[in-house]
Amino acid sequence: MIDTRACIHCGLCLPACPTYALTGSEVDSPRGRIYLMRHLLEEGLAPDPALSAPLDRCLGCRACETACPSAVPYGRLLEHVRSELLPPQGKRGWKFLLDHVLTHPRRLQLAILPLAWLRRGAPFLEAHLPRGLRRLAELTPSAPALPPLPARIPAQGPRKGAIALLTGCAMEALFGEVNRATVRVLTRSGYDVLVPPAQACCGALHAHDGDTKQARALMLRNIDAFALDDLLAIAVTSAGCGAAMKDYPHLLPPDHPDQARVAAFAAKVKDVSEVLAMIDLAPMTREVPGTATYHDACHLAHGQKVRREPRDVLKRVPGLTWIDLPESDVCCGGAGSYALLQPDLSKELLERKLSMIARTGAQTIVMGNPSCLMQIGSGLSRLPGSPEPLHTVQVIDRAMGP
Ligand code: SF4
Ligand code: SF4
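Read on for an overview of the structure. Computed from a prediction, not measured in an experiment: that's the story for all the values here. (Residues numbered from 1 in each chain as written. Chains lettered and ligands numbered in written order. Predicted model: local features only at pLDDT ≥ 70, side-chain atom pairs only at ≥ 80, totals over all residues. Heavy atoms only, no water.)

Brief notes about the overall build of the protein
Then, number 1: Broken down by element type, the protein carries 22 helices and 9 strands.
Then, number 2: Taking 21 Å as the expected radius of gyration for a compact globule of 402 residues, we find that the protein reaches 21 Å, a close match to that expectation.
Then, number 3: Overall size of the protein, expressed as C-alpha extent along the three principal axes, is 65 × 55 × 40 Å.
Then, number 4: Sorting the 402 residues of the protein into buried and exposed places 54% on the buried side.
Then, number 5: Between the averaged position of the 44 positive side-chain charges in the protein and that of its 39 negative side-chain charges there is a distance of 4 Å. (Helix = DSSP H or I, 4+ residues; strand = E, 2+ residues; numbered from the N terminus. Rg over C-alpha atoms; globule rule 2.2 N^0.38 Å. Buried < 20%, exposed > 50% of the residue type's maximum accessible area, 1.4 Å probe, protein only. Lys, Arg positive; Asp, Glu negative; His and termini not counted. Charge placed at Lys NZ, Arg CZ, Asp CG, Glu CD.)

Here it is in structure tokens:
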């Protein structure tokens, strides 16, 4: 059981918390939420909507973990409380979507077709949708569905090894081109890319929602699907998936018989930017002229502590001038399902992020997570002449040429 008493109430996390910055209320701060969780866990308080609302408003961005001098594992604590005490009552529709649509890339592609059509062909009808669906339509990019990747894509030129790819649900369904760019970059750099067809959703949304049982089942399916022998890494293009997969060992008790197998799997998981930084990349022969800035996805910067690798790799792109983004590691309000479940706070955070991006004057905004690409992309699509949102690996792919 996770101990809430590691929190020493110093309050150093408060300035880092995006919801505290918006509401100024202690209950919307990490310290207030930990206090609330302690009472729920230790005093057996019956959770009711008044008690669970501040926890529902938490983004799960883990910026408080980065700021905390006492190493409070806030993200795990939140998942534990949600799992033990806060069953997703009143969220049956959400649970159905999560289990049967959002975590199945092909079904998700089919489900969003009408939304993409509404955006492009009948925006007047979009205005009459219920609020949640309207927000979903706003967030849904209109990229075409792509055929599945083959199970093995051979290296170009002399083979250096093999890297597996976790394609992810939202990334594959909504930004499939990011995974194709990853394949091109890795195969050009001399690696076979393995895409096991039996791979499943990483389980991140279930874990964040408190459904540890389903998260654990998905974890075991993935461990069975990826054969680790001879594999340099399991590359993940979605920061949320990577953070969840690196944390797989915590889904099981420490003395569980599968623990060694799970830990070996988690040790192979790398964000794609970590993979790009650790391998000898094919030459970037094409200039990508212009200016760019970088947004830190929460589950990359705070969840995985990966900040340097994407910047190091991106700074090698010829012709591109980098401008620092103010508040680059403050959540954009996407946060997985947050944009749908907490639309008002989510939009406030988005507006703040858009104003910071505008301040840089950059022509490209780079990031490493589908939820950020949806959220920031939807905001930018309303603004004429706004920067192009791209994933880190797409910029590297462009620099490697056609
Ligand atoms: S996870 Fe993010 S929103 Fe939640 S308490 Fe921590 S800093 Fe605040
Ligand atoms: S979570 Fe960490 S930073 Fe925040 S009040 Fe507790 S000890 Fe201090």
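Back to the text.
Details of the site of ligand 1
Then, number 1: Around ligand 1 lies a shell of 13 residues, among which Cys17, Arg33, Cys58, Cys61 and Cys64 are the nearest.
Then, number 2: Counting only elements with at least two residues in the shell around ligand 1, the list comes to helix 1 (18-23), helix 2 (30-42) and helix 4 (63-67).
Then, number 3: Residue composition of the shell around ligand 1, grouped by class: 9 nonpolar, 2 polar and 2 charged. (Near = heavy atom within 4 Å. Nonpolar A, V, L, I, M, F, W, Y, C, P; charged D, E, K, R; others polar.)

Comments concerning the sheet that holds strand 3 (residues 191-194)
Then, number 1: Strand order in the open sheet formed by 5 strands is 1-3-2-4-5, with mixed pairing between adjacent strands. A single partner strand is all that each edge strand has here, and the edge strands are strand 1 (152-153) and strand 5 (269-271).
Then, number 2: As paired elements, strand 2 (residues 161-166) and strand 3 share 4 bridges and run parallel to each other. Residue pairing in the sheet places Ala164 in a bridge with Leu194 of strand 3.
Then, number 3: The strands touched by helix 11 (residues 176-188) within the sheet are strand 1, strand 2 and strand 3, with strand 3 carrying the most contacts at an inclination of about 150°. (Pairing = 2+ DSSP bridges. Contact = heavy atoms within 4.5 Å. Axes fitted to C-alpha atoms, helices over the stretch in contact; angles between N-to-C directions.)

Considerations on the pairing of strand 4 (residues 231-236)
Then, number 1: Extensive coverage of strand 4 is indicated by the burial of 5 of its 6 residues.
Then, number 2: Pairing geometry for strand 2 and strand 4, over 5 bridges, is parallel. Of the residues in strand 4, the one forming a bridge with Leu166 is Val236.
Then, number 3: The pairing of strand 4 with strand 5 spans 3 bridges and is classified as parallel. Across the sheet, Ala235 pairs through a bridge with Lys270, a residue of strand 5.

Concerning unusual backbone geometry
What you tend to see is this: most non-glycine residues have negative phi, and most peptide bonds are trans.
Then, number 1: Despite not being glycine, Ala71 has its phi angle at roughly 50°, a positive value.
Then, number 2: Within the secondary structure, Ala71 is located in the loop between helix 4 and helix 5 (74-85).
Then, number 3: Overall, the relative accessible area of 62% leaves Ala71 in the exposed class.
Then, number 4: Even without glycine at this site, Glu327 takes up a positive phi of about 55°.
Then, number 5: Mapping Glu327 onto the fold places it in the loop between strand 7 (320-322) and helix 19 (338-341).

Notes on the packing of helix 2 against helix 3 (residues 49-56)
Then, number 1: Orientation of helix 2 relative to helix 3, taken along the N-to-C sense of each, is 135°, at an axis distance of 10 Å. Taken together, the axis directions place helix 2 and helix 3 in an arrangement best described as oblique. The handedness of the crossing between helix 2 and helix 3 comes out as left-handed. The segment helix 2 lies against helix 3, with Arg33, Leu36, Met37 and Leu40 engaging Leu51, Pro54 and Leu55.
Then, number 2: For the contact of helix 2 with helix 3, the residue count by class is 6 nonpolar, no polar and 1 charged. (Parallel < 35°, antiparallel > 145°, perpendicular 65-115°, else oblique. Left-handed = near helix turned anticlockwise from the far one by under 90°.)

Brief notes about the pairing of strand 3
Then, number 1: A two-sided burial pattern is seen for strand 3, the buried positions comprising Tyr191 and Val193 on one face and Asp192 and Leu194 on the other.
Then, number 2: As judged from the 2 bridges shared by strand 1 and strand 3, these two strands associate in the antiparallel manner. Note that in strand 3 the partner of Arg152 across the bridge is Leu194.

Quick word on the environment of Ile357
Then, number 1: Mapping Ile357 onto the fold places it in helix 20 (residues 343-360).
Then, number 2: Remark: the alpha-carbon pair of Ile357 and Leu136, spanning 221 residues in sequence, is separated by 23 Å.
Then, number 3: Discounting chain neighbours no more than four positions away, the residues touching Ile357 are Leu325, Ala362, Ile365, Ile376 and Pro387.

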